[in-house]
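Here are the chains, one letter per residue:
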Amino acid sequence: MRYSDVTPKQVYLNRRRFLSAGAAAAAALTASLPSRATTKLDGVQPTSYKPAGEAVTSPDIITGYNNFYEFGTGKDEPAKRARNFKTSPWSIQIGGEVMAPKTLEYDAILKIAPLEERIYRHRCVEGWSIVVPWIGFPLSALLKQVQPTAKAKYVAFESLYDRKQMISEGAAGIRFPYVEGLRLDEAMHPLTLLTVGLYGETLPNQNGAPVRLVLPWKYGFKSIKSIIKITFVEKQPVTTWSREWPEAYGFYSNVNPMRDHPRFSQATEHRLGSGRLNDLRNTLLFNGYSEVASLYTGMNLIRDY
Ligand SMILES: Nc1nc2c(c(=O)[nH]1)N[C@H]1C(S)=C(S)[C@@H](COP(=O)(O)O)O[C@H]1N2
Ligand SMILES: [Mo]
């Protein structure tokens, strides 16, 4: 199945119109397109990250059922309400405790490192899980470019918040902009993916276009979307969900079947779209990505959740 088969119909029709139009008309059409259609990403290296025995989840689930509070709190809302989200031009400002602060335009970000497909398991704290073919490159490649100083111990991330395009804090029930953070060694880990695509194409708006993080061993909310700012800091930064509800959400938020959320057990998960009805599975520590265990040696993962 091609991604375009499940792109919202209006977008798809517009894209077909776009493709069949002449060059002059194309420019005019681009200006009037009501939304950003995804486009194919070229030169993507095939994956060496594919969880054994796992089927990739269908695009309609990955793009049609997710969280992006800036566009609504219902799981079907991001797909509908992010349609007109303006993701071009886009740049990310990188600074803080670094020798070489810089602002990178989207096109420059795409050239930092070869794009790879990475098929990762993805676990939401609410109990569902999916398997997603992301496209990106290790975040470490971007972070190395700015040369962190010896004081840099954590990395803070910030999403765009544009009240003209997004819902109010009152309607969302959380403060914006959405912020996240990682310890420097977590940010530099080879599994940490700066993500620009999904299913062979650029990211759909509802999945965090144009640039987001993906951290497969942590709960979904650590994978911050539509990033505009990255700051190296000395102290552990504030993160959205630990600020909004600290008993439920910690800074680390590593997938851990032993540490329950006050409202949801984390011991098991429902795999969506596997073709099996009620596909309930046991959740694995670090979502099965045991190669990250050495980052947390000596830590109490129940207390430091
Ligand atoms: N800016 C921002 N990023 C966000 C969220 C959000 O509301 N706003 N939701 C998070 C949560 S809870 C999850 S599970 C994932 C869901 O989107 P995905 O399926 O595309 O990863 O995005 C995460 N990133
Ligand atoms: Mo989530």
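Treat the numbers as computed from the prediction; the structure is a model and nothing was measured. (Residues numbered from 1 in each chain as written. Chains lettered and ligands numbered in written order. Predicted model: local features only at pLDDT ≥ 70, side-chain atom pairs only at ≥ 80, totals over all residues. Heavy atoms only, no water.)

Peer 1: An account of the packing of aromatic side chains is needed here, citing residue identities and associated values.
Peer 2: A full pass over the atoms with the stated rule returns 15 aromatic pairs. For the ring pair Tyr154 and Phe251, a centre distance of 5.8 Å and an interplane angle of 80 degrees mean the geometry is edge-to-face. You can see Tyr154 sitting in strand S5 (residues 154–159) and its partner Phe251 sitting in the loop between helix H9 (240–244) and strand S11 (268–271), a full 97 residues away along the chain. Plain terms: the ring middles of Phe286 and Tyr296 are 5.5 Å apart, the flat faces sit at 25 degrees to each other, and that makes the pair stacked. (Phe/Tyr/Trp six-rings, centres within 6.5 Å; stacked < 30°, edge-to-face > 60°. Helix = DSSP H or I, 4+ residues; strand = E, 2+ residues; numbered from the N terminus.)

Peer 1: So what's going on with the pairing of strand S1 (residues 91–96)? Residues and values would help.
Peer 2: Two strands pair when backbone bridges link them, and S1 and strand S2 (residues 102–105) are joined in this way by four bridges, in the antiparallel orientation. Bridged to Ile94 within S2 is Lys102. Where S1 folds back on S2, the antiparallel hairpin that results is connected by five residues. One ladder, built from four bridges, connects S1 with strand S10 (residues 227–233); its direction is parallel. (Pairing = 2+ DSSP bridges.)

Peer 1: Residues and numbers for the site of ligand 1, please.
Peer 2: Taken together, 17 residues sit near ligand 1, with Tyr69, Glu70, Arg212, Ser223 and Lys225 positioned nearest. Contact distances for ligand 1 include 3.4 Å between a nitrogen atom and a backbone N or O atom of Asn67. Taking Tyr69, its main chain carries an N or O atom lying 2.7 Å from an oxygen atom of ligand 1. Protein coverage of the free-state accessible area of ligand 1, which is 530 Å², stands at 98%. Among the cavities detected, the one that contains ligand 1 is the second largest pocket. For the shell around ligand 1, the per-class residue count stands at seven nonpolar, seven polar and three charged. (Near = heavy atom within 4 Å. Polar contact = N/O pair within 3.5 Å; in protein donor to acceptor, adjacent residues only side chain to side chain. Areas by Shrake-Rupley, 256 points an atom, 1.4 Å probe, with all protein chains shown as cover. 1 Å grid on protein atoms, 1.4 Å probe; cavity = no way out; pocket = protein on both sides within 12 Å on 5 of 7 lines; lining within 4 Å. Sits in = over half its atoms within 2 Å of the grid points. Nonpolar A, V, L, I, M, F, W, Y, C, P; charged D, E, K, R; others polar.)

Peer 1: I'd like to hear about the pattern of salt bridges, residue by residue, with values.
Peer 2: This model, assessed by the stated rule, comprises 18 salt bridges. Among the ionic pairs, Glu180 bridges to Lys222, the shortest N-O distance being 2.7 Å. Residue Glu180 is found in strand S6 (residues 179–183), and its partner Lys222 is found in the loop between strand S9 (212–214) and S10; the two are separated by 42 residues along the sequence. Each member of the pair, Glu180 as well as Lys222, carries the same accessibility label: buried. Taking the shortest distance from any N to any O, the salt bridge between Asp279 and Arg276 comes out at 3.4 Å. Take Arg276: its relative accessible area is 55%, and that puts it in the exposed class. (Salt bridge = Lys/Arg side-chain N within 4 Å of Asp/Glu carboxyl O. Buried < 20%, exposed > 50% of the residue type's maximum accessible area, 1.4 Å probe, protein only.)

Peer 1: Tell me about the nonpolar core, residues and numbers included.
Peer 2: The biggest cluster of nonpolar side chains holds 74 residues, and the ones touching the most others in it are Leu142, Phe157, Leu213, Trp217 and Ile230. Ranked by the residues each element gives to this core, the list is headed by strand S4 (residues 128–138), at six residues. Discounting chain neighbours no more than four positions away, the residues touching Trp217 are Glu186, His189, Leu191, Thr192, Asn254, Val255, Phe286, Asn287, Tyr289, Val292, Leu295 and Tyr296. (Core = buried A, V, L, I, M, F, W, Y, C linked by side-chain atoms within 4.5 Å. Contact = heavy atoms within 4.5 Å.)

Peer 1: Can you explain the side chain of Asn66? Please cite residues and give values.
Peer 2: Its location among the elements puts Asn66 in the loop between helix H3 (59–64) and helix H4 (77–81). When its relative accessible area of 6% is taken as the criterion, Asn66 is described as buried. Engagement of the side chain of Asn66 in a polar contact is seen with the backbone oxygen of Gln206, the distance being 3.0 Å.

Peer 1: I'd like to hear about unusual backbone geometry, residue by residue, with values.
Peer 2: Of the consecutive residues Phe176 and Pro177, the connecting peptide bond is found in the cis state with omega at 0 degrees. Along the chain, Pro177 falls in the loop between helix H7 (169–172) and S6. Residue Pro210 is reached from Ala209 by a cis peptide bond, and omega for that bond is -5 degrees. Locating Pro210 in the fold gives a position in the loop between strand S8 (201–202) and S9. Within the chain, Ser253 stands out as a residue other than glycine whose phi angle is a positive 50 degrees. Among the residues examined, Ser253 registers a relative accessible area of 4% and is labelled buried. Of note in the backbone geometry, Phe286 takes a positive phi value of approximately 55 degrees without being a glycine. Within the secondary structure, Phe286 is located in the segment after strand S12 (280–282).

Peer 1: Report on the environment of Ile135, specifying residues and quantitative values.
Peer 2: Mapped onto the elements of the fold, Ile135 is located in strand S4. Sequence-wise, Ile135 and Arg118 are 17 residues apart; in three dimensions their C-alpha atoms are separated by 6.1 Å.

Peer 1: How would you summarise empty space enclosed by the protein if you had to cite specific residues and measurements?
Peer 2: In the structure shown here, the tally under the stated rule is three cavities of 30 Å³ or more. Lining of the largest cavity is provided by 19 residues; of these, Tyr219, Ser253, Asn254, Arg259 and Tyr305 occupy positions nearest its centre. Class assignment of the residues belonging to the lining of the largest cavity gives a composition of 10 nonpolar, six polar and three charged. (Points joined across faces, edges and corners; volume = space filled by probe spheres on them.)

Peer 1: Describe the sheet that holds S10, and please don't skip the residues or the numbers.
Peer 2: In space, the five strands of this open sheet follow the order S2-S1-S10-S5-S6, with mixed pairing throughout. Both outer strands of the open sheet, S2 and S6, are each paired with one neighbouring strand and no more. Going from strand to strand, the sheet's axes swing by 15 degrees on average, the running direction of each strand aside. (Axes fitted to C-alpha atoms, helices over the stretch in contact; angles between N-to-C directions.)

Bear in mind that shape data such as this cannot, by itself, settle questions of function.
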